[in-house]
Amino acid sequence: MNQISPLAFVDPSAKLGDNNVIGPFCYIDKNVEIGDNNNLYNSVTVSTGARIGNNNEFFPGASISTKPQDLKFKGEETLCEIGDNNSIRENVTISRGTASKGKTVVGSNNLLMENMHVAHDCILGSNLIIGNSTKLAGEVSVDDHAIISAAILCHQFCHIGGYVMIQGGCRFSQDIPPYIIAGKDPTRFCGINVIGLRRRGFSNELIETIHDTYRTIYAKGILKDGIAEARAKYTGIKEVEYICSFIESSKRGIIR
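Residues numbered from 1 in each chain as written. Predicted model: local features only at pLDDT ≥ 70, side-chain atom pairs only at ≥ 80, totals over all residues. Heavy atoms only, no water.

Our focus in this paragraph is the packing of aromatic side chains. All chains considered together, the criterion is met by ten aromatic pairs. Aromatic side chains Tyr 163 and Phe 202 sit 5.1 Å apart centroid to centroid with 70° between the ring planes, which places their arrangement in the edge-to-face category. In this pair, Tyr 163 is assigned in the loop between strand 24 (159–160) and strand 25 (165–166) and Phe 202 in the loop between helix 1 (194–199) and helix 2 (204–219), connecting sequence segments 39 residues apart. The residues Tyr 163 and Phe 202 share a single accessibility class, namely buried. Here Tyr 214 and Tyr 218 contribute two aromatic rings whose centre-to-centre distance is 5.6 Å and whose plane-to-plane angle is 40°, an arrangement assigned as tilted. In this pair, Tyr 214 and Tyr 218 both sit in helix 2, four residues apart, roughly one turn of the helix. Of the two residues, Tyr 214 and Tyr 218, both sit in the buried class. Here the aromatic cluster, defined as three or more aromatic residues joined through ring pairs, consists of Tyr 163, Tyr 179, Phe 202, Tyr 242 and Phe 246. Directly above the aromatic system of Phe 59 lies the positively charged group of Arg 89, at a separation of 3.8 Å from the ring centroid. (Phe/Tyr/Trp six-rings, centres within 6.5 Å; stacked < 30°, edge-to-face > 60°. Helix = DSSP H or I, 4+ residues; strand = E, 2+ residues; numbered from the N terminus. Buried < 20%, exposed > 50% of the residue type's maximum accessible area, 1.4 Å probe, protein only. Lys NZ or Arg CZ within 6 Å of the ring centre and 35° of its normal.)

Let us look at the pairing of strand 15 (residues 103–106). Here strand 12 (residues 79–82) runs beside strand 15; their pairing, made up of four bridges, is parallel. Counterpart to Ile 82 in the pairing with strand 15 is Val 106. Where strand 15 lies against strand 18 (residues 123–124), two bridges are found, and the strand directions are parallel. Each residue of the ladder has a partner; that of Val 106, found in strand 18, is Leu 124. (Pairing = 2+ DSSP bridges.)

The first and last C-alpha atoms of helix 4 (residues 238–249) sit 16 Å apart over twelve residues, in line with the 16 Å expected at 1.5 Å per residue. Restricting attention to buried positions, one finds in helix 4 the residues Glu 239, Val 240, Ile 243, Cys 244, Phe 246 and Ile 247. Buried residues of helix 4, viewed axially, fall in a sector of 160°; they line one side. Buried positions along helix 4 lie against strand 24, helix 2 and helix 3 (223–233). (Expected span 1.5 Å × (residues − 1). Arc of directions from axis to C-beta. Contact = heavy atoms within 4.5 Å.)

Membership of the largest hydrophobic core comes to 65 residues, with the highest contact counts inside it found for Ile 94, Leu 124, Ile 160 and Ile 166. For this core, the secondary-structure elements that each account for two or more residues are strand 9 (50–52), strand 12, strand 27 (180–183), helix 2, helix 3 and helix 4. Sort the elements by how many residues they give to this core and helix 2 lands first, with six residues. Among residues more than four places away in sequence, those in contact with Ile 160 are Ser 141, Val 142, Asp 143, Ala 146, Ile 148, Cys 154, Ile 166, Phe 172, Ile 176 and Phe 246. (Core = buried A, V, L, I, M, F, W, Y, C linked by side-chain atoms within 4.5 Å.)

One pass over the structure, following the stated rule, counts twelve salt bridges. Residue Lys 103 is joined to Glu 81 by a salt bridge in which the shortest nitrogen-to-oxygen separation is 3.6 Å. Pair noted here: Lys 103 is in strand 15 and Glu 81 is in strand 12, with a separation of 22 residues, a long-range link. Among the residues examined, Lys 103 registers a relative accessible area of 32% and is labelled partly exposed. Through salt bridges with shared partners, a single ionic network connects Glu 208, Asp 212, Arg 215 and Lys 233. (Salt bridge = Lys/Arg side-chain N within 4 Å of Asp/Glu carboxyl O.)

A few words now on the sheet that holds strand 1 (residues 3–4). Taken together, the eleven strands give an open sheet; going across it, the order is 1-4-7-10-13-16-19-22-25-27-28, and neighbouring strands pair in mixed fashion. On the outer flanks of this sheet lie strand 1 and strand 28 (188–192), each paired with one strand and no other. Looking at chain direction, strand 7 (residues 39–40) and strand 10 (residues 57–58) are connected through two bridges and run parallel. The residue bridging Asn 39 from the neighbouring strand is Glu 57, located in strand 10.

Reading across from one edge, 3-6-9-12-15-18-21-24 is the order of the eight strands in this open sheet, with parallel pairing throughout. Every interior strand has two partners, whereas the edge strands, strand 3 (15–16) and strand 24, have only one.

Here helix 2 crosses helix 4 at 30°, and the two axes come no closer than 9 Å. With respect to their mutual orientation, helix 2 and helix 4 come out roughly parallel. Considering how the two elements wind past one another, helix 2 and helix 4 form a crossing that is right-handed. Only Glu 239, Val 240, Ile 243, Cys 244 and Ile 247 of helix 4 make contact with helix 2, whose side of the interface consists of Leu 206, Thr 209, Ile 210, Thr 213, Tyr 214 and Ile 217. Classifying every residue of the contact of helix 2 with helix 4 by side-chain character gives eight nonpolar, two polar and one charged. (Axes fitted to C-alpha atoms, helices over the stretch in contact; angles between N-to-C directions. Parallel < 35°, antiparallel > 145°, perpendicular 65-115°, else oblique. Left-handed = near helix turned anticlockwise from the far one by under 90°. Nonpolar A, V, L, I, M, F, W, Y, C, P; charged D, E, K, R; others polar.)

Printed below as a string of structure tokens:
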């Protein structure tokens, strides 16, 4: 049974699962689907097109599936999909998609801290931590297990790799490859995220392999030569292939 405050508004066409808590001054729009065991504390707005999973918590002022801040948006019907077990803190804004991709996606087990923004058509993975006041522009992709610190500005279309640590206050317009620390001004490669990888169960041997892969790739003036050498040296290691494939597929170039 859902607990819905008499001071909340829930559109009659919205679909709610079971055991949700909808606090006072929340607004649930039409064309919204919410799963089970979600907690919307108070003053949370869930606009049309939201598709929310289970066991999420939304803190006061969060605004989900808002109209994209994109002048190309013409009112097309798009979605904002949010998985399970996310903690979405105060004043977080997540826009729904545009005709470009049709949806914005936030995976599961993420912590999105106060006042951060996820723009239209972003694809966020799972097990992410994104700090206070960080802003992700349109069509940004973030792979699993990334840690993005506070007050970061990320240019549209960037790709952030898995298991990275991005230092607070960074601004960047190129892709951040996986397993690294990115920081300084301008944002650049600052080594391997050794502590983060150890916490995730990576062996010292595998961490050294990742480190050597970056030494091999960055040492070459032409990245594709370094990628070919790294693949030949570490055939069949999925982490090395992830790094090589990430760099090959980059459209904006990678930080170095």
